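Chain by chain, the residues:
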Amino acid sequence: MTLQQTIAEHLKYTGQKGLDISAALIDCDGVLYDSMKYHTQAWVKLMKKNGIKCTRDEFYEMEGMTGSEIIKMKFKTGAGKNITDDEAHALYGVKTRYFRELGEAPVMPGAVRVLEALKDADVDRILVTGSQQDTLLDRIEKDFPNLFGEVKVTGHDVRKGKPNPEPFLKGMAKAEKKPNQCIVIENAPLGVQAAHAAGCFTIGVTTGPIPEKDLYKAGADLVYKNMDELAAALPSLLVALSLVKA
Ligand code: CA
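Chemist: How do you make sense of the packing of helix 2 (residues 36–49) against helix 4 (residues 67–79) when you look at a structure like this?
Modeler: For any two helices packed against each other, one specifies the inter-axial angle together with the distance between the axes. Closest axis-to-axis distance for the helix 2/helix 4 pair is 12 Å, and the angle between their directions is 40°. Viewed along their axes, helix 2 and helix 4 adopt a mutual orientation that is oblique. Remark: the crossing between helix 2 and helix 4 carries right-handed chirality. Facing W43, L46 and M47 of helix 2, the residues of helix 4 in contact are G67, I70, I71, K74 and F75. Among the residues forming the contact of helix 2 with helix 4, the class breakdown is 6 nonpolar, 1 polar and 1 charged.

Chemist: I would appreciate a short explanation of the sheet that holds strand 5 (residues 201–205) in the present structure.
Modeler: Pairing between the strands of a sheet is mediated by backbone hydrogen bonds and can be parallel or antiparallel. Across the sheet, which stays open at both edges, the 6 strands sit in the order 3-2-1-4-5-6 with parallel pairing between neighbours. Strands at the two margins of the open sheet, each flanked by one partner only, are strand 3 (152–153) and strand 6 (222–224). In the sheet, strand 2 (residues 124–128) pairs with strand 3 via 2 bridges, with the strands oriented parallel. Directly across from V128, in strand 3, lies its bridge partner V153.

Chemist: What's the story with the coordination of the calcium ion in this structure? I'm lost.
Modeler: Octahedral metals with six donors have ideal donor angles of 90 or 180 degrees. Tetrahedral metals with four donors have an ideal donor angle of 109.5 degrees. Coordination of the calcium ion by the protein is provided by D27 (OD), D29 (O), E63 (OE) and N187 (OD1), with metal-donor distances spanning 2.1 to 2.3 Å. Read from N- to C-terminus, the donor residues coordinating the calcium ion fall into the pattern D-x1-D-x33-E-x123-N. The class for D29 is buried, based on a relative accessible area of 8%.

Chemist: What is the right way to look at empty space enclosed by the protein in this model?
Modeler: If a probe the size of a water molecule is rolled over the atoms, the empty space left behind becomes visible. Throughout the structure, instances matching the rule amount to 1 cavity of 30 Å³ or more. Lining the largest cavity are 20 residues, with D29, E63, G64, M65 and S131 positioned closest to its centre. Breaking the lining of the largest cavity down by element, the ones donating at least two residues are helix 2, helix 4 and helix 5 (85–101). When residues of the lining of the largest cavity are assigned to their parent elements, the largest contribution, 3 residues, is made by helix 2. Of the residues belonging to the lining of the largest cavity, the class tally is 7 nonpolar, 8 polar and 5 charged.

Chemist: Help me understand the nonpolar core in this model?
Modeler: One broad rule of soluble globular proteins: the nonpolar side chains tend to lie buried together. With 61 residues, the main nonpolar core has L32, L118 and I183 as its most contacted residues. Residue contributions to this core peak at 8 residues, all from helix 11 (residues 227–242). Here this core spans two domains, and each of domain 1 (3–34 + 107–242) and domain 2 (36–101) adds at least three residues to it. With 15 residues, the next largest nonpolar core counts L25, I126, F168 and A175 among its residues.

The rules behind these values
Residues numbered from 1 in each chain as written. Predicted model: local features only at pLDDT ≥ 70, side-chain atom pairs only at ≥ 80, totals over all residues. Heavy atoms only, no water. Axes fitted to C-alpha atoms, helices over the stretch in contact; angles between N-to-C directions. Helix = DSSP H or I, 4+ residues; strand = E, 2+ residues; numbered from the N terminus. Parallel < 35°, antiparallel > 145°, perpendicular 65-115°, else oblique. Left-handed = near helix turned anticlockwise from the far one by under 90°. Contact = heavy atoms within 4.5 Å. Nonpolar A, V, L, I, M, F, W, Y, C, P; charged D, E, K, R; others polar. Pairing = 2+ DSSP bridges. Donors = N, O, S within 2.8 Å, 3.2 Å for Na, K, Ca; no water. Buried < 20%, exposed > 50% of the residue type's maximum accessible area, 1.4 Å probe, protein only. 1 Å grid on protein atoms, 1.4 Å probe; cavity = no way out; pocket = protein on both sides within 12 Å on 5 of 7 lines; lining within 4 Å. Points joined across faces, edges and corners; volume = space filled by probe spheres on them. Core = buried A, V, L, I, M, F, W, Y, C linked by side-chain atoms within 4.5 Å. Domains from an automatic or database assignment.

Right, dumping it as structure tokens:
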């Protein structure tokens, strides 16, 4: 499919007349940080300690859901236990400790280049993550100085995790942007699904074990192999998207 066809498909799906991109809603884990391998390892440890069978791949599939949602679902399906909000909160605290014990997740290669390309094109950068991992969130300003504005959405702001579009709808409301003004950068199928449902032009990056076809199936408009490839494509992509004005 050509880029023009891709844009046409997106406009048909959303009912938008055109695109006028001025903001990028950017996911954190697996996009800005190469942190998913640590998250999945911490999840497996938490489940094993609680006698719940699981594989690491499951947690790549569930990426984007809130910690509480993941805990409630796994304890229900894996042990037949109904977990209260307080219990989920406590268990998430344990998972967070395991995650921290694994050390600092590295910055994703190419992430700075992507943010700089957006900044050069006058596209606002807005963090949209379901993460409540404050250790990671606190690193954003240090690792990406002057590349993000004040507006951000974290796990502290949202009640419903991805694939619910709430995180992206909240990001757009906070930034006073409409869906046809936003691109989303996401690595997880549920995140892509949420962005697509929110009506944003959705860019997937395959930074983990999830194959490209799964991101397209979830509703991605375009998929890049990694953040470096996206950074290289962005200047011309942003021009092409802006040629289709509302
Ligand atoms: Ca992610």
